[in-house]
Number of protein chains: 2
Amino acid sequence: MSALPRFFSDYQQRVSAELGRLLPQRDGAVERAMRYTALAPSKQVRAVVTLSCADLCGAPAERAVPAAAAIELVHAASLILDDLPSMDDAPLRRGRRANHLEFGEAIAILAAFGLLNLAFGTLARAHDPPLAGRLAALTSGAVGPDGLIGGQALDLLATERGIDFEMLERIHRGKTGALFVAAATSGALIAGAGPDAIAALAAYAKNLGLAFQIIDDLLDVEGDPAETGKAVRADARKTTFVSFSGLDGARQLALELCATADRALAPFGARADRLRELSAFVAARRL
Amino acid sequence: MSALPRFFSDYQQRVSAELGRLLPQRDGAVERAMRYTALAPSKQVRAVVTLSCADLCGAPAERAVPAAAAIELVHAASLILDDLPSMDDAPLRRGRRANHLEFGEAIAILAAFGLLNLAFGTLARAHDPPLAGRLAALTSGAVGPDGLIGGQALDLLATERGIDFEMLERIHRGKTGALFVAAATSGALIAGAGPDAIAALAAYAKNLGLAFQIIDDLLDVEGDPAETGKAVRADARKTTFVSFSGLDGARQLALELCATADRALAPFGARADRLRELSAFVAARRL
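Here we summarise the structure given alongside this text. None of these values were measured; they are calculated from a predicted model.

Cut-offs applied
- Residues numbered from 1 in each chain as written.
- Chains lettered and ligands numbered in written order.
- Predicted model: local features only at pLDDT ≥ 70, side-chain atom pairs only at ≥ 80, totals over all residues.
- Heavy atoms only, no water.
- Helix = DSSP H or I, 4+ residues; strand = E, 2+ residues; numbered from the N terminus.
- Rg over C-alpha atoms; globule rule 2.2 N^0.38 Å.
- Buried < 20%, exposed > 50% of the residue type's maximum accessible area, 1.4 Å probe, protein only.
- Contact = heavy atoms within 4.5 Å.
- Areas by Shrake-Rupley, 256 points an atom, 1.4 Å probe, with all protein chains shown as cover.
- Lys, Arg positive; Asp, Glu negative; His and termini not counted.
- Charge placed at Lys NZ, Arg CZ, Asp CG, Glu CD.
- Axes fitted to C-alpha atoms, helices over the stretch in contact; angles between N-to-C directions.
- Parallel < 35°, antiparallel > 145°, perpendicular 65-115°, else oblique.
- Left-handed = near helix turned anticlockwise from the far one by under 90°.
- Nonpolar A, V, L, I, M, F, W, Y, C, P; charged D, E, K, R; others polar.
- Least-squares fit on C-alpha atoms with pLDDT ≥ 70 in both.
- Expected span 1.5 Å × (residues − 1).
- Arc of directions from axis to C-beta.
- 1 Å grid on protein atoms, 1.4 Å probe; cavity = no way out; pocket = protein on both sides within 12 Å on 5 of 7 lines; lining within 4 Å.
- Points joined across faces, edges and corners; volume = space filled by probe spheres on them.
- Phe/Tyr/Trp six-rings, centres within 6.5 Å; stacked < 30°, edge-to-face > 60°.
- Salt bridge = Lys/Arg side-chain N within 4 Å of Asp/Glu carboxyl O.

### As for the overall build of chain A
Counting its regular elements, chain A contains 13 helices and 2 strands. Taken against the 2.2 N^0.38 rule, which gives 19 Å for 287 residues, the C-alpha radius of gyration of chain A at 18 Å falls within 12% of a compact globule. Structurally, chain A occupies a C-alpha span of about 45 × 45 × 35 Å along its principal axes. By residue count, 59% of the 287 residues in chain A fall in the buried class. Intrachain contacts of chain A at a sequence separation of at least 6 include 73% that bridge at least 24 residues. Carbon and sulfur atoms form 52% of the exposed surface of chain A, whose accessible area is close to 10,900 Å². Between the averaged position of the 31 positive side-chain charges in chain A and that of its 33 negative side-chain charges there is a distance of 4 Å.

The structure is reproduced here in structure tokens:
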């Protein structure tokens with residue numbers, strides 16, 4: 001298994017350091033629960049997308065670090081919710097016991113709330129006014145009923161009923177795709193990119209996000225818990241891309257989505273090579 | 001029982017109309033659950049504080065309506081969380097079945113998440129850039145571990161153990177006071193008020209918020225569910241200001257806090273009469 005590219009681990013380190021700075025340091029239960037999930041080992045793919053897009057559009061990655069960290073805070077909040085007994089009731093996440101098993105359900109819910117809140121506080125404090133507002137509006141759109149929360153709600157219904165492929169895709173465009181798109185768009189906005197560049201990067205991220213989710217479904221069936229940090233077949237009772245299309249079909253679909261993602265990068269030429277490396281790593285199931 | 005002052009019902013109507021506009025209209029479960037609590041009958045005291053403070057500091061109340069609505073969205077989110085089985089496990093709120101009893105726990109949690117998210121989206125979209133950032137930072141501070149979430153976490157621990165008066169006060173400065181202070185400060189900021197005016201209004205709101213909570217504890221014991229919209233003695237297993245100081249002691253404390261709130265208004269003279277009417281209504285247990 002080839003190592004992650006240098007830029008990738010460099011970005012991860014910056015975002016981890018930023019998260020360490022942003023998260024509350026005190027020893028209260030909520031503060032500990034917030035740090036527990038937000039600082040747990042993670043590939044921080046969404047943050048890497050933000051920093052790569054900022055870099056591609058001409059901003060020093062430095063300037064996009066707070067927005068990248070905010071995206072990871074939102075993502076960490078969604079993981080806590082996802083694992084709750086009333087949602088997926090999952091025992092293991094990022095190689096650790098789920099937040100609610102470690103801290104109790106009430107504190108876990110408050111921690112998720114606190115992480116979302118900190119994400120918006122970070123955007124408001126760390127970025128210049130007009131940009132901060134655009135990033136917050138963008139993030140709010142990605143989290144709301146048309147994004148993460150909407151996808152999660154559809155997913156709850158889907159667990160109870162049979163669903164078709166279109167619905168499965170809609171769930172994951174909400175649960176995963178929306179935040180990937182916000183991650184890419186945030187990076188581009190910070191660099192002052194124009195609408196064409198933003199649209200291209202959003203298309204890249206939308207397809208990459210869906211591919212990422214399909215790989216996640218594959219790893220749920222085939223993966224090693226020591227590497228995925230989650231229980232194997234945790235999603236067995238759910239309709240996934242694997243239960244729908246089979247292992248081969250799901251693999252094929254993920255590869256096609258990565259190829260579609262790459263095609264959206266054509267206008268950038270070789271400058272988008274980092275994003276291509278990223279999709280290649282997703283396609284190779286290295287992320 | 002005397003009617004609410006004219007300005008009060010005028011402010012309520014504006015905020016209700018704004019909430020109706022802001023909330024998602026679609027018929028999904030999360031959207032309905034968001035509307036269910038955020039549009040349920042409510043006195044909207046926090047929003048009225050925001051609009052009154054904006055007016056006092058010279059801004060047309062109009063301009064503060066989105067921020068006032070955002071504060072009410074945050075408050076509605078906190079009510080949903082507060083009532084969850086893992087928190088207070090309360091059956092009745094705003095005269096209706098608790099959100100999780102109506103929609104199930106998972107959707108209720110997502111709705112609370114969605115309301116907090118909408119609050120930040122609203123601040124980002126509805127206010128001019130530099131102001132929007134300050135309002136979002138302020139709100140994030142009031143919601144975080146030093147405010148609402150921190151107070152709620154302390155409250156959870158307090159339900160399990162005995163606590164002293166200082167801790168009881170700390171809980172409610174977080175759970176209730178922080179958002180009242182943010183409500184007042186938001187209104188003042190929107191009007192471009194200086195630090196002295198902001199500090200005075202924050203002091204007013206801090207004391208008013210605590211008085212409001214104590215009255216809430218009194219109504220929990222003595223109130224009519226048809227008026228409070230909550231079950232009587234829902235907080236019986238908790239340490240409240242009433243269980244600590246007795247009915248007379250709690251009444252006395254609420255009156256003293258309202259008097260302290262009013263003293264903070266001295267620099268404004270008669271211009272602060274609306275805020276004095278507000279604290280008089282709280283003291284008279286009309287809110």
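### Here we look at the packing of helix H4 (residues 61–83) of chain B against helix H6 (residues 105–126) of chain B
Residues and elements named next belong to chain B. Packing of H4 against H6 leaves a shortest axis separation of 8 Å and a crossing angle of 165°. Between H4 and H6, the angle is such that the two are roughly antiparallel. The element H4 and its partner H6 pack so that their crossing is left-handed. Each of Pro66, Ala67, Ala70, Leu73, Val74, Ala76, Ala77, Ile80 and Leu81 in H4 lies in contact with H6, whose residues at this interface are Ala108, Ala111, Ala112, Leu115, Leu116, Leu118, Ala119, Thr122, Leu123 and Ala126. Of the residues in the contact of H4 with H6, the class split is 18 nonpolar, 1 polar and no charged.

### With respect to the packing of helix H7 (residues 129–143) of chain A against H6(B)
Here H7(A) crosses H6(B) at 150°, and the two axes come no closer than 8 Å. On the basis of the axis angle, H7(A) is roughly antiparallel to H6(B). Once H7(A) is placed against H6(B), the crossing between them reads as left-handed. Judged by residue contacts, Gly133(A), Ala136(A), Ala137(A), Thr139(A), Ser140(A) and Val143(A) of H7(A) engage Phe113(B), Asn117(B), Leu118(B), Gly121(B), Ala124(B) and Arg125(B) from H6(B). Taken together, the residues that form the contact of H7(A) with H6(B) break down as 6 nonpolar, 5 polar and 1 charged.

### Some details on the relation of the copies chain A and chain B
Rotating chain A by 180° and moving it 0.0 Å along the rotation axis overlays it on chain B with an RMSD of 0.0 Å. These values place the two chain copies in the arrangement generated by a two-fold rotation axis. Closest to the rotation axis within chain A is the C-alpha of Pro129(A), separated from it by 2.5 Å. In this assembly, 100% of the residues forming the interface of chain A have copies in chain B that are likewise at the interface, indicating an isologous arrangement.

### Some remarks on helix H1 (residues 6–22) of chain B
All names here are of chain B. For H1, built from 17 residues, the straight-helix expectation of 24 Å at 1.5 Å per residue is met to within 8% by its first-to-last C-alpha distance of 25 Å. By the burial criterion, the buried members of H1 are Phe7, Phe8, Tyr11, Gln12, Val15, Glu18 and Leu19. For H1, the buried positions fall inside an angular range of 130° around the axis, keeping them on one side. In H1, the exposed positions angled more than 90 degrees off the buried face are occupied by Arg6, Gln13 and Arg21. Contacts made by the buried residues of H1 are with helix H2 (29–38), helix H3 (45–56), H4 and helix H13 (273–283).

### Concerning empty space enclosed by the protein
Tallied over the entire structure, the rule returns 5 cavities of 30 Å³ or more. The computed volume of the largest cavity comes to approximately 80 Å³. Lining of the largest cavity is provided by Phe120(A), Leu123(A), Ala124(A), Ala132(A), Gly133(A), Ala136(A), Phe120(B), Leu123(B), Ala124(B), Ala132(B), Gly133(B) and Ala136(B). Put simply, the parts of the chain that give the lining of the largest cavity at least two residues each are helix H6 (105–126) and H7 of chain A together with H6 and helix H7 (129–143) of chain B.

### Focus on unusual backbone geometry
The residue Asp89(A) is not glycine, and still its phi comes out positive at about 50°. With respect to the helices and strands, the residue Asp89(A) is situated in the loop between helix H4 (61–83) and strand S1 (92–93).

### Observations regarding the packing of aromatic side chains
Under the counting rule described, the total for this entry stands at 14 aromatic pairs over all chains. Considering the side-chain rings of Phe165(A) and Phe241(A), the 5.8 Å spacing of their centres and the 75° angle between planes classify their relative orientation as edge-to-face. Taken together, the positions of Phe165(A) in helix H9 (residues 165–190) and Phe241(A) in helix H12 (residues 241–263) put the pair 76 residues apart, joining distant regions of the chain. Given a relative accessible area of 27%, Phe165(A) falls into the partly exposed group. Classification of Phe241(A) by relative accessible area gives buried; the value is 0%. Relative to Phe244(B), the ring of Phe165(B) has its centre 5.6 Å away and its plane inclined at 75°; by these criteria the two rings are edge-to-face. Within this pair, whereas Phe165(B) is found in helix H9 (residues 165–190), its partner Phe244(B) is found in helix H12 (residues 241–263), the two being separated by 79 residues in sequence. Accessibility expressed as a relative area gives 36% for Phe244(B), which makes it partly exposed. Ring pairs connect the aromatic residues Phe7(A), Phe8(A) and Tyr11(A), which therefore count as one cluster.

### Some details on the pattern of salt bridges
All names here are of chain B. Under the counting rule described, the total for this entry stands at 32 salt bridges over all chains. In this structure, Asp55 engages Arg274 in a salt bridge whose closest nitrogen and oxygen atoms are separated by 3.8 Å. Here Arg274 lies in helix H13 and Asp55 lies in helix H3, a separation of 219 residues in the sequence. Asp55 gets classed as partly exposed once you look at its relative accessible area, which sits at 34%. We note a salt bridge from Arg173 to Glu169, for which the minimum N-O separation is 2.8 Å. One end of the pair, Arg173, and the other, Glu169, are both in helix H9, 4 residues apart, so they sit about a helical turn from each other. For Glu169, a relative accessible area of 25% puts it in the partly exposed group.

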